[in-house]
Amino acid sequence: MVHYHRSHQPRKPNADSTRDEDSHTIITLDCSSSAYYNKRTRPKLLSFLLLITFLSCCYVFAPLFLPTSFSFSLLYSPAVGNDGNSDGVDVNDSTCSSVSAGTICCDRSGFRSDVCVMKGDIRTHSASSSILLYNPRSADNVSAEEELQHEKIKPYTRKWETSVMNTIDELSLVSKKVNDVGGCDVQHDVPAVFFSNGGYTGNVYHEFNDGIIPLYITSQHFNKKVVFVILEYHNWWIMKYGDILSQLSDFPPIDFRGDNRTHCFPEAIVGLRIHDELTVDSALMRGDKSIVDFRNLLDQAYWPRIRGLIQKEERIAQEKSREQDSSSQSSETSEQQYIKQQVQENPRKKPKLVILSRSGSRAITNENLMVEMAKEIGFMVEILKPGRTTELAKIYRTLNASDVMIGVHGAAMTHFMFLRPGSVFIQVVPLGTTWAAETYYGEPARKLGLKYIGYQIHPRESTLYKKYDKNDPILRDPTSINKKGWEYTKKIYLDSQNVILDLGRFRKRLHRAYEYTLSKSKLNLQHQPM
């Protein structure tokens, strides 16, 4: 489940600094005023003018005397850009950007995760939970073995959360000098990335936020020439995310615990880099990669499977209607028609709205009335109930072809990443979830390029309104309840609350989404080539 921590709340800009940026006052000296040149100020002014003249001369003539490599821009040096990293190591790892062969470098400065980089003769030893880095000894040295460096790391991206990190397996990274290195069972000529699938794996938000997106951030610059070595390996996870993994690596992943063979690598990254909630910070990525690039990777991952689903549906339809021989189009033409009709904007069709429906807690109890209202406004409505075993490609197909997605705050909102940039995401925000809804889904959705609309319910729209007095802090001041701890938030606002939408209020959001979708469709139509 999503844990509501307040360690990363966006900071509001300082009011004074904003005012300073907006009010640039230009001060001028009127040198023609005789009052300015009195006996008291003339010496100071002359000194000032002489100083300015001297500095100007220095600026003009300095290039004649200083080396050509010197630049006055060094007086004001911004951070090194994405292209400033020359050794091919991902720019996220600035602390370990130049690791020499035979060494281990660990960056422990991050709040969310530790990352270690190893280069040289690297070997796995799962029995001792170790990754060994061997340095050969000179032949005349009698000492058989000497440990040079020993690091410990838990390769999971919730470093600050002690309770979950206590459940993560720890790895020992050991650099040694040895006489006899021994052989390898499996020799790899590409780097490895080691990470854990423990912790909150099993919750779709955490699977993407703590795992899949950090894996993309850490490994995409290898261009698929990388092997993933997984602690707490789960077959179901491999099946669920196999389409995505195939876009990040050309090689099958390795079960660190289940595979006792010695795997040898020339380089290894242990731990995953993570930027923020469900996002990729382009300023920290080589080639300015962003969350939109990650979303494009999802497109590449799922479309082969979606095409297969389309072809299967077409075969079934043809079997049921063989008498309609007129529809003898090639499968390629059929796919192109589907993509054009379902994915690209078609102003002649009704906008498609998908509702991610919940059962149990935080369900919309009058969802059927909302559906009828949406149809009345002009939407084509589909209800989607993704389960644990629902194939992600099928969810992606539905949302990728939609214009608007509606859902109540919860892990399933992670699927907003399956929407096309420019689509509308309406998140219903129950009592006590305002900060989390904005932090985990609202802000990331905007970064993806979605039109985000948050609908914060009133106390009367919560089933808690019938359980507590209207003046109870649970209804009037949810923030004070959240401050008591995660257990209170979970028990009261996440597990014991459903939503009864005020359809009059909610209609306004649906109208906004409808008008936005229509206007966007018209704009796209205007820009289509004749």
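Reference entry: report on the structure contained in this document. The shown structure was predicted, so the numbers you read here are calculated from the model rather than taken from an experiment.

Let us look at the pairing of strand 5 (residues 171–178). Burial runs high along strand 5: seven of the eight residues are buried. Judged from the seven bridges that link them, strand 3 (residues 130–136) and strand 5 form a sheet pairing that is parallel. When the sheet's bridge partners are listed, Ser130 is paired in strand 5 with Ser172. By the bridge criterion, eight bridges tie strand 4 (residues 145–153) to strand 5 in an arrangement that is antiparallel.

Spatially, the five strands line up as an open sheet ordered 12-11-13-14-15, and their pairing is parallel. Unpaired on one side and paired on the other, strand 12 (380–384) and strand 15 (451–456) mark the two borders of the sheet. Strand-to-strand twist in this sheet, taken as the mean axis angle between neighbours without regard to direction, amounts to 20°. For strand 11 (residues 352–356) and strand 12, the ladder comprises five bridges, and the chain directions are parallel. Paired with Leu356 across the strands is Leu384, a residue of strand 12.

Once that is clear, we can look at the layout of surface pockets. Estimated volume of the largest pocket: approximately 1000 Å³. In terms of lining residues, the largest pocket is bounded by 38 residues, among which Gly202, Val204, Pro386, Arg388 and Ala411 are the most central. Here the element with the most residues in the lining of the largest pocket is helix 5 (residues 235–248); it accounts for four residues. Here the lining of the largest pocket is composed, by residue class, of 18 nonpolar, 10 polar and 10 charged.

All chains considered together, the criterion is met by two cavities of 30 Å³ or more. Computed from the structure, the second largest cavity encloses a volume of approximately 40 Å³. Surrounding the second largest cavity, Tyr156, Ser196, Asn197, Thr201, His206, Glu207, Asp210, Gly211 and Trp237 form its lining. Of all the elements, helix 4 (residues 204–219) adds the most residues to the lining of the second largest cavity, at four residues. Partitioning the lining of the second largest cavity into residue classes produces two nonpolar, five polar and two charged.

Relative placement of two packed helices is described by the angle separating their axes and the distance separating the axes. Taken N-terminus to C-terminus, the directions of helix 4 and helix 6 (residues 291–320) make an angle of 90°; their axes are 11 Å apart at the nearest point. It follows from the interaxial angle that helix 4 and helix 6 lie roughly perpendicular. Contacts from Phe208, Ile212, Ile213 and Tyr216 in helix 4 reach Ile291, Asp293, Phe294 and Leu297 in helix 6. Within the contact of helix 4 with helix 6, the residues separate by chemical class into seven nonpolar, no polar and one charged.

So, how was this worked out
Residues numbered from 1 in each chain as written. Predicted model: local features only at pLDDT ≥ 70, side-chain atom pairs only at ≥ 80, totals over all residues. Heavy atoms only, no water. Buried < 20%, exposed > 50% of the residue type's maximum accessible area, 1.4 Å probe, protein only. Helix = DSSP H or I, 4+ residues; strand = E, 2+ residues; numbered from the N terminus. Pairing = 2+ DSSP bridges. Axes fitted to C-alpha atoms, helices over the stretch in contact; angles between N-to-C directions. 1 Å grid on protein atoms, 1.4 Å probe; cavity = no way out; pocket = protein on both sides within 12 Å on 5 of 7 lines; lining within 4 Å. Points joined across faces, edges and corners; volume = space filled by probe spheres on them. Nonpolar A, V, L, I, M, F, W, Y, C, P; charged D, E, K, R; others polar. Parallel < 35°, antiparallel > 145°, perpendicular 65-115°, else oblique. Contact = heavy atoms within 4.5 Å.

What is shown is where atoms sit, not what they do.
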